[in-house]
Amino acid sequence: MMNNIVILPLLIPLVAGLLMGIARGNIPLQRWLSVLSCLFAGAASLLLVKQVFEQGIQTLAMGGWPAPFGIVLVADMLSSLLLVTTSIVSLACLLFAFRTIGSEREQYYFYPLVQFLITGVNGSFLTGDLFNLYVCFEVMLVASYVLLTLGGTRSQLTEGIKYMVINVFASSLFLIAIGYLYAVVGTLNMAHLSIRIAEIGQTGFTTWVAVLLIMVFGLKAALFLHFWLPGSYSAPPAAIAAIFAALLTKVGIYAILRLFSLVFYHQLGITHGLLAVMAALTMIVGGIGAVAYWDIRKVLAYNVIIGVGFVVFGFSLFTPAALTGAIYYLIHDMLMKALLFLLGGCVIWITGSGKIREISGLISNHPLLGWLFFVTVLALTGIPPLSGFAGKYIIIRASLAGGTDQPGGYFLAAIGLLCSLMIMYSLLRIFLHSFWGENTLSLDMEKGSIRGLLSPCLLLMAVGVFYGVGAELVYPYIEQAAVSMLDPDLYIRAVLPEVI
Amino acid sequence: METLMAVTIGILFSIGVYLLLSRTLLRIILGTSVIAYGVNLLIITMGGLNKGGAPILGGEASSYVDPLPQALILTAIVINFAVTAFLLVLAYRTYLVTGTDNIDELRGIDDE
């Protein structure tokens, strides 16, 4: 189905960002444009969800060039749901940024950069072409390089350098994989790749390219190759860190989900086995990191890593139930990680310090902030009826479904559950130390006022609670996403109707 | 020809990795650039090194070269140019703020 709406989530932030670049001095206009861009992109994505649910996968051939020759944009259920989540999360982070980011950063193109970042993220979700995926990744990354170093404090610069060098190197590896793949199959359209690899069989060389791609996306998604993440996510201000935590690693996960369900699904033992091992190691290392540090920013950053591990763990099982759980958990993780970073940002905003040991008794002056944090901790741990529960339950049940024939499933389930405990321990420790205890900070001694900062948090919390309590309502959409991932023919028929 | 290209790409990659593993910021940035050149050569080799007319504009010819790898490289060069330029500015700014270009001395924030 050709459909012009498919390009809107890409076009709206791009145009909004360009307009803001022209209106550089006019900060109120930039703020309005940011909010409007998120709202319109969100509305377009919701419309896409509805259309995909009723009519199947929607496509748009750019410039009218038919699919294997031109670049094609494809909106299936997975992409559309992630687009909606991206709009919600970026709206909340922008509302938070209005009060906290400071006029200095606003003057230096903060709002346009966020829009370009969203352009890159949405483009990665929508594109049906491997090289275009690389380009969208770069759009996103270049915006993130500038956002990470905007402000130019010492830690931002030193962490920014490492983050950039790692990502430039990973992008080179991505290009190498693209080059090899083009040499073997002679196409870069993902649907076409899927057909050709199914025809010639996934030989040793193709599998090797697939493993190279796992390394590339592992670097981008912090899947085991996560060593750059804790530093670079704790350097920027809370609003930027929340956008990064919610969107950047998730694009890497999306790329893994897309490529290893659509293209490389013939050698499950090698590729998905490797993914499972990396996911288990990620969860363990992330859990240890989260428990080890006494700095709020570091603890939260390691929680991002655990989330990545858990989603990929669900995906690596590659059964319908496990995929449903992985997609459900991925969306939950985007919402809740943004919320967690914003709430952590509130604490740091009030106290001016990220050290858990130096903060105590915040709850007497900020009860709402405290209880929001507590409910977020419960949601991330997976306490029903909040949103973490359904995803974890489905994934764990799916990993045990193999029975004693697949003992790996038991190991993974055990690690996954243990990590939930570590998430709860690491976050409750923040709650107990900073919110309970003797109040050492009177209202007039606070570094910043959180007036108005809690409304974006409440927005995210409302969406999160709806997502958890209304899991029944959302389930048909998630299920459709999982079904279409397991049946590449649906995707191929939508993109290349004349080939099949 | 392909063998020669393979050896050249290999040499570029080894130089790039060697520079990337050194301690000076400028050398690291040069390393990423050299690797990027290696990648571009690799893509053009992967498209097949054959003689032929230019596609569409080349008129009548018995064979045509594949335009796609060239389009890919053009895009990759532009992106790499922009990223390297930003990386150089960032490195200079870091040098001004921290007073060093030694990556060992640029270790992260002291946490505990």
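That block above? That's the structure.
None of these values were measured; they are calculated from a predicted model.

Participant: Residue-level account of the overall build of chain A, with values.
Facilitator: Check the secondary structure of chain A and you find 20 helices and two strands. C-alpha extents for chain A along the principal axes are approximately 70 × 60 × 40 Å. The burial tally for chain A puts 65% of its 500 residues in the buried class. Counting contacts in chain A only where the partners sit at least 6 residues apart, residues at least 24 apart contribute 81% of the total. If you average the places of the 22 positive and of the 20 negative side-chain charges in chain A, the two averages end up 9 Å apart.

Participant: So, the overall build of chain B: which residues are in play, and what are the values?
Facilitator: Regarding its fold elements, chain B presents three helices and zero strands. What you see in chain B, going N to C, is helices and strands ordered as α-α-α. Against the compact-globule benchmark of 13 Å for 112 residues, chain B has a radius of gyration of 19 Å, which places it well outside the compact range. With respect to the three principal axes, the spread of C-alpha positions in chain B is 70 × 25 × 20 Å.

Participant: Tell me about the interface of chain A and chain B, and name the residues and values.
Facilitator: Contact with chain A, which involves 37 residues of that partner, is made by 35 residues of chain B. In total, about 3100 Å² of surface goes out of reach between chain A and chain B, with carbon and sulfur atoms giving 77% of it. Contact with chain B buries surface across chain A, with Leu 157, Ile 161 and Tyr 182 of chain A losing the most and accounting together for 19% of the total. Linking chain A to chain B there are zero salt bridges. Counting across the chain A and chain B interface gives two residue pairs in polar contact (both at pLDDT 80 or more). Looking at the side of chain A that touches chain B, the elements with two or more residues in it are helix H6 (130-149) and helix H7 (154-185) of chain A. Per element, the largest residue contribution to the side of chain A that touches chain B is 20 residues, and it comes from H7 of chain A.

Participant: Which residues make up a nonpolar patch on the surface, and what values go with them?
Facilitator: Residues and elements named next belong to chain A. A contiguous nonpolar patch, built from Leu 8, Leu 11, Leu 14, Val 15, Leu 18, Leu 19 and Ile 22 and spanning about 590 Å² of accessible area, is present on the exposed surface. You can see Leu 14 is positioned in helix H1 (residues 8-22). When its relative accessible area of 32% is taken as the criterion, Leu 14 is described as partly exposed.

Participant: Could you give an account of unusual backbone geometry, naming the residues involved and the relevant values?
Facilitator: Residues and elements named next belong to chain A. Cis geometry marks the peptide bond from Pro 384 to Pro 385, where omega comes out at 5°. At Ala 222, a position not held by glycine, the phi torsion is positive, near 60°. In this structure, Ala 222 sits in the loop between helix H9 (204-221) and helix H10 (229-234).

Participant: Residues and numbers for the pairing of strand S1 (residues 58-61) of chain A, please.
Facilitator: All names here are of chain A. Side-chain alternation along S1 places Gln 58 and Leu 60 on one buried face and Thr 59 and Ala 61 on a second face that is also buried. Note: S1 against strand S2 (residues 72-75), four bridges, orientation antiparallel. Bridge assignment links Thr 59 to a residue of S2, and that residue is Val 74.

Participant: Account for the environment of Leu 225 of chain A, naming residues and giving values.
Facilitator: Residues and elements named next belong to chain A. By the element assignment, Leu 225 lies in the loop between H9 and H10. C-alpha of Leu 225 to C-alpha of Met 278: the two residues are 53 residues apart in sequence and 8.8 Å apart in space. Excluding residues that lie within four positions of it along the chain, Leu 225 makes contacts with Met 215, Gly 218 and Leu 219.

Participant: Tell me what's going on with the packing of aromatic side chains, and back it up with residues and numbers.
Facilitator: Note on aromatic pairs: each is described by the distance of the centres and the angle between the planes. All names here are of chain A. Counted by the stated rule, this structure contains 29 aromatic pairs over all chains. Seen in terms of ring centroids, Phe 110 and Tyr 111 are 5.2 Å apart; in terms of plane orientation they differ by 70°. Their pairing is edge-to-face. Ring centres of Phe 174 and Phe 217 lie 5.1 Å apart, and the angle between their planes is 75°; this geometry places the pair in the edge-to-face category. With Phe 174 in helix H7 and Phe 217 in helix H9, this residue pair connects regions lying 43 residues apart in the sequence. Judged by relative accessible area, which is 0%, Phe 174 ranks as buried. Between Arg 357 and the ring centre of Trp 294, over which it is positioned, the NZ or CZ distance is 4.0 Å. Across from the ring centre of Phe 310, 5.5 Å away, lies the NZ or CZ of Lys 392, which sits over that ring.

Participant: Can you lay out the nonpolar core for me, pointing to particular residues and giving the numbers?
Facilitator: Core analysis: the biggest nonpolar cluster contains 219 residues, and Phe 110, Phe 174, Phe 217 and Phe 260 of chain A have the highest contact counts within it. If near-sequence neighbours (up to four positions away) are discounted, Phe 110 of chain A is found in contact with Leu 94, Ala 97, Ile 101, Arg 105, Leu 147, Leu 150 and Ile 240 of chain A.

Participant: Can you break down the side chain of His 226 of chain A residue by residue, with the values?
Facilitator: All names here are of chain A. Summarising the element assignment, His 226 is placed in the loop between H9 and H10. Looking at His 226, its side chain comes within polar contact range of the main-chain oxygen of Phe 224, at 2.7 Å. When neighbours within four sequence positions are excluded, His 226 is seen to be in contact with Val 285 and Ile 305.

Participant: Any details on H1 of chain A? Residues and values, ideally.
Facilitator: Residue and element names in this part refer to chain A. Taking 1.5 Å as the rise per residue, H1 with 15 residues should run 21 Å; its terminal C-alpha atoms sit 21 Å apart, in good agreement. Taken as a whole, H1 has its buried residues at Pro 9, Leu 10, Ile 12, Pro 13, Ala 16, Gly 17 and Met 20. Looking at the packing, one finds that the buried side of H1 touches helix H2 (27-55), S2, helix H3 (77-100) and helix H5 (110-126).

Participant: Give a detailed account of the packing of H3 of chain A against helix H11 (residues 238-262) of chain A, specifying residues and quantitative values.
Facilitator: Residues and elements named next belong to chain A. One can describe the packing of H3 onto H11 by two numbers: an axis separation of 8 Å at closest approach and a directional angle of 165°. Considering their axes alone, H3 and H11 lie roughly antiparallel with respect to each other. In the crossing of H3 with H11, the sense of the turn from one axis to the other is left-handed. Seen from H3, the contacting residues are Leu 78, Ser 79, Leu 82, Thr 86, Val 89, Cys 93, Phe 96, Ala 97 and Thr 100; seen from H11, they are Ala 238, Ala 239, Ala 242, Ile 243, Ala 246, Leu 247, Tyr 254, Leu 257 and Arg 258. Looking at the contact of H3 with H11, its residues break down into 14 nonpolar, three polar and one charged.

Participant: Give me the lowdown on helix H20 (residues 488-495) of chain A, citing residues and values where you can.
Facilitator: Residue and element names in this part refer to chain A. Here H20 has its buried residues at Pro 488, Tyr 491, Ile 492, Ala 494 and Val 495. For H20, the arc enclosing every buried residue in end-on projection is 165°, short of the 170-degree limit, so these residues lie on one face. Among the structural elements, S1, S2, helix H8 (190-200), H11 and helix H19 (471-486) are those in contact with the buried residues of H20.

Participant: So what's going on with the packing of H7 of chain A against H9 of chain A? Residues and values would help.
Facilitator: Each pair of packed helices can be described by the angle between their axes along with the distance between the axes. All names here are of chain A. The interhelical angle for the contact between H7 and H9, taken along N-to-C directions, is 160°, at an axis separation of 9 Å. What the angle tells us is that H7 and H9 run roughly antiparallel. Seen along the crossing, H7 lies across H9 with a hand that is left-handed. In contact with Ile 166, Asn 167, Ala 170, Ser 171, Leu 173, Phe 174, Ile 176, Ala 177, Tyr 180, Leu 181 and Val 184 of H7, H9 contributes Phe 205, Thr 206, Trp 208, Val 209, Leu 212, Leu 213, Val 216, Phe 217, Leu 219 and Lys 220. Considering only residue class, the contact of H7 with H9 consists of 17 nonpolar, three polar and one charged.

Participant: Report on the pattern of salt bridges, specifying residues and quantitative values.
Facilitator: In this structure the tally under the stated criterion is nine salt bridges over all chains. Residue Arg 297 of chain A is joined to Asp 295 of chain A by a salt bridge in which the shortest nitrogen-to-oxygen separation is 3.9 Å. Taking the relative accessible area as the measure of exposure, Arg 297 of chain A reaches 31% and is therefore partly exposed. Of the residues examined, Asp 295 of chain A reaches a relative accessible area of 6% and is grouped as buried. Its salt-bridge partner being Arg 23 of chain B, residue Asp 104 of chain B comes within 2.6 Å of it at the nearest N-O pair. You can see Asp 104 of chain B sitting in the segment after helix H3 (67-98) and its partner Arg 23 of chain B sitting in the loop between helix H1 (2-20) and helix H2 (25-46), a full 81 residues away along the chain. Judged by relative accessible area, Asp 104 of chain B falls into the partly exposed class, the value being 35%. Beyond isolated ion pairs, a larger network of salt bridges with shared partners links Lys 250, Asp 333 and Lys 337 of chain A.

Cut-offs and rules
- Residues numbered from 1 in each chain as written.
- Chains lettered and ligands numbered in written order.
- Predicted model: local features only at pLDDT ≥ 70, side-chain atom pairs only at ≥ 80, totals over all residues.
- Heavy atoms only, no water.
- Helix = DSSP H or I, 4+ residues; strand = E, 2+ residues; numbered from the N terminus.
- Buried < 20%, exposed > 50% of the residue type's maximum accessible area, 1.4 Å probe, protein only.
- Contact = heavy atoms within 4.5 Å.
- Lys, Arg positive; Asp, Glu negative; His and termini not counted.
- Charge placed at Lys NZ, Arg CZ, Asp CG, Glu CD.
- Rg over C-alpha atoms; globule rule 2.2 N^0.38 Å.
- Buried area = accessible area lost by both parts, 1.4 Å probe.
- Salt bridge = Lys/Arg side-chain N within 4 Å of Asp/Glu carboxyl O.
- Polar contact = N/O pair within 3.5 Å; in protein donor to acceptor, adjacent residues only side chain to side chain.
- Patch = residues over 30% accessible without salt bridge, like charges linked within 9 Å, V, L, I, M, F, W, Y side chains within 5 Å.
- Areas by Shrake-Rupley, 256 points an atom, 1.4 Å probe, with all protein chains shown as cover.
- Pairing = 2+ DSSP bridges.
- Phe/Tyr/Trp six-rings, centres within 6.5 Å; stacked < 30°, edge-to-face > 60°.
- Lys NZ or Arg CZ within 6 Å of the ring centre and 35° of its normal.
- Core = buried A, V, L, I, M, F, W, Y, C linked by side-chain atoms within 4.5 Å.
- Expected span 1.5 Å × (residues − 1).
- Axes fitted to C-alpha atoms, helices over the stretch in contact; angles between N-to-C directions.
- Parallel < 35°, antiparallel > 145°, perpendicular 65-115°, else oblique.
- Left-handed = near helix turned anticlockwise from the far one by under 90°.
- Nonpolar A, V, L, I, M, F, W, Y, C, P; charged D, E, K, R; others polar.
- Arc of directions from axis to C-beta.

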